[in-house]
Every structure is written in C-alpha cells, then in structure tokens.
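An overview of the molecular structure
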Amino acid sequence: FVFFHRPFWLVPLKLGSGEFPLHKLVKPYGVNFVVCGHGHQFVRIVRDGIVYMEVGSSGGLMKGLARGEGFNQGWFYQHVWGRVTGSRVEFTVKEIGPPKGRGRMFNSDEWDEHGPRFDGADPAGYERPPG
C-alpha cells in the first residue's frame, strides 16, 4: 500500500499511460494499492494490476456537483472501509445518507475508470461491509 494526499497519478492514467515515475517505482516493488484523496471525487483505475484509488469527499466542496455531475462520475459524499484478510484486500465505499446522499454502498471492485459497473440508481442492500 502507498497512501498520500494528492493524486498526481490521475492525469497520466486518464490519458492511458503507465509510464510515469510513481508507476515505474511501485510496479517492481509489488505495491498493489495507491490510495489518496484531495480531489473530492471517487476514482478507481487499475494499471498493470495496481489499483489507483482517489477517495472522494467526506464533507468538503465538490466541484463536479457545480458542473451538474453526480454519483456516476464519482461526485458523492462518502467514506471507505478497508479490510485485509490474509492476502485478500477489500475496500467498501459507503455514500452518506439523506439529505446529501442516498446511502448507496458497494465494493470498490465494482467501479472502474468509467464509473460504476452497476446501476447507480439502485441503492446497495447492506449498511456495513460484510464480515
């Protein structure tokens, strides 16, 4: 795991490149997850088996909402649970409930660089991560 604040990896990965200094560093050392915040948008991109994840806002301003973007673009108030069991790592993303959210919850694996791989209009069926 590598944790830090600013997602300076975001632009190179959105442009499709894995050829930037951080990726060249973490790849040979077996890093599986690079997690950060700062941008207030939930983003998850996988390159060469490495999960890059920007955790969204837990209460701060979200620029995407002002542009008319929403949940499917990663603009929602949230927190993330991480769970490590042996060599298995699982992140559960939980949107806040009303009035600022709908309380949706999902496994981060259900989100890729294009957004949710599920119907964002369908709220999740549980309130806590399994286990």
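Predicted, not measured: the structure shown is a model, and the values here were computed from it.

1. Points about the sheet that holds strand E6 (residues 88-95)
Pairing is antiparallel across the open sheet formed by 3 strands, whose spatial order is E5-E6-E7. In the strand order of this sheet, the two ends are held by strand E5 (78-85) and strand E7 (105-107), each with one partner. Taking each pair of neighbouring strands and ignoring which way they run, the sheet shows an average axis angle of 20°. Looking at chain direction, E5 and E6 are connected through 8 bridges and run antiparallel. Looking at the pairing, Trp81 lines up with Thr92 of E6.

2. A short note on the sheet that holds strand E1 (residues 2-3)
Spatially, the 4 strands line up as an open sheet ordered E1-E2-E4-E3, and their pairing is mixed. This sheet does not close on itself; its edge strands, each paired only once, are E1 and strand E3 (43-47). Where E1 and strand E2 (residues 33-36) come together, 2 bridges link them in parallel fashion. Bridging from a neighbouring strand, Val2 pairs with Val34 of E2.

3. Observations concerning a nonpolar patch on the surface
A cluster of nonpolar side chains, contributed by Phe1, Phe3 and Val84, occupies part of the molecular surface with about 340 Å² of accessible area. Along the chain, the position of Phe1 falls in the segment before E1. Take Phe1: its relative accessible area is 47%, and that puts it in the partly exposed class.

Cut-off values and rules
Residues numbered from 1 in each chain as written. Predicted model: local features only at pLDDT ≥ 70, side-chain atom pairs only at ≥ 80, totals over all residues. Heavy atoms only, no water. Pairing = 2+ DSSP bridges. Helix = DSSP H or I, 4+ residues; strand = E, 2+ residues; numbered from the N terminus. Axes fitted to C-alpha atoms, helices over the stretch in contact; angles between N-to-C directions. Patch = residues over 30% accessible without salt bridge, like charges linked within 9 Å, V, L, I, M, F, W, Y side chains within 5 Å. Areas by Shrake-Rupley, 256 points an atom, 1.4 Å probe, with all protein chains shown as cover. Salt bridge = Lys/Arg side-chain N within 4 Å of Asp/Glu carboxyl O. Buried < 20%, exposed > 50% of the residue type's maximum accessible area, 1.4 Å probe, protein only.

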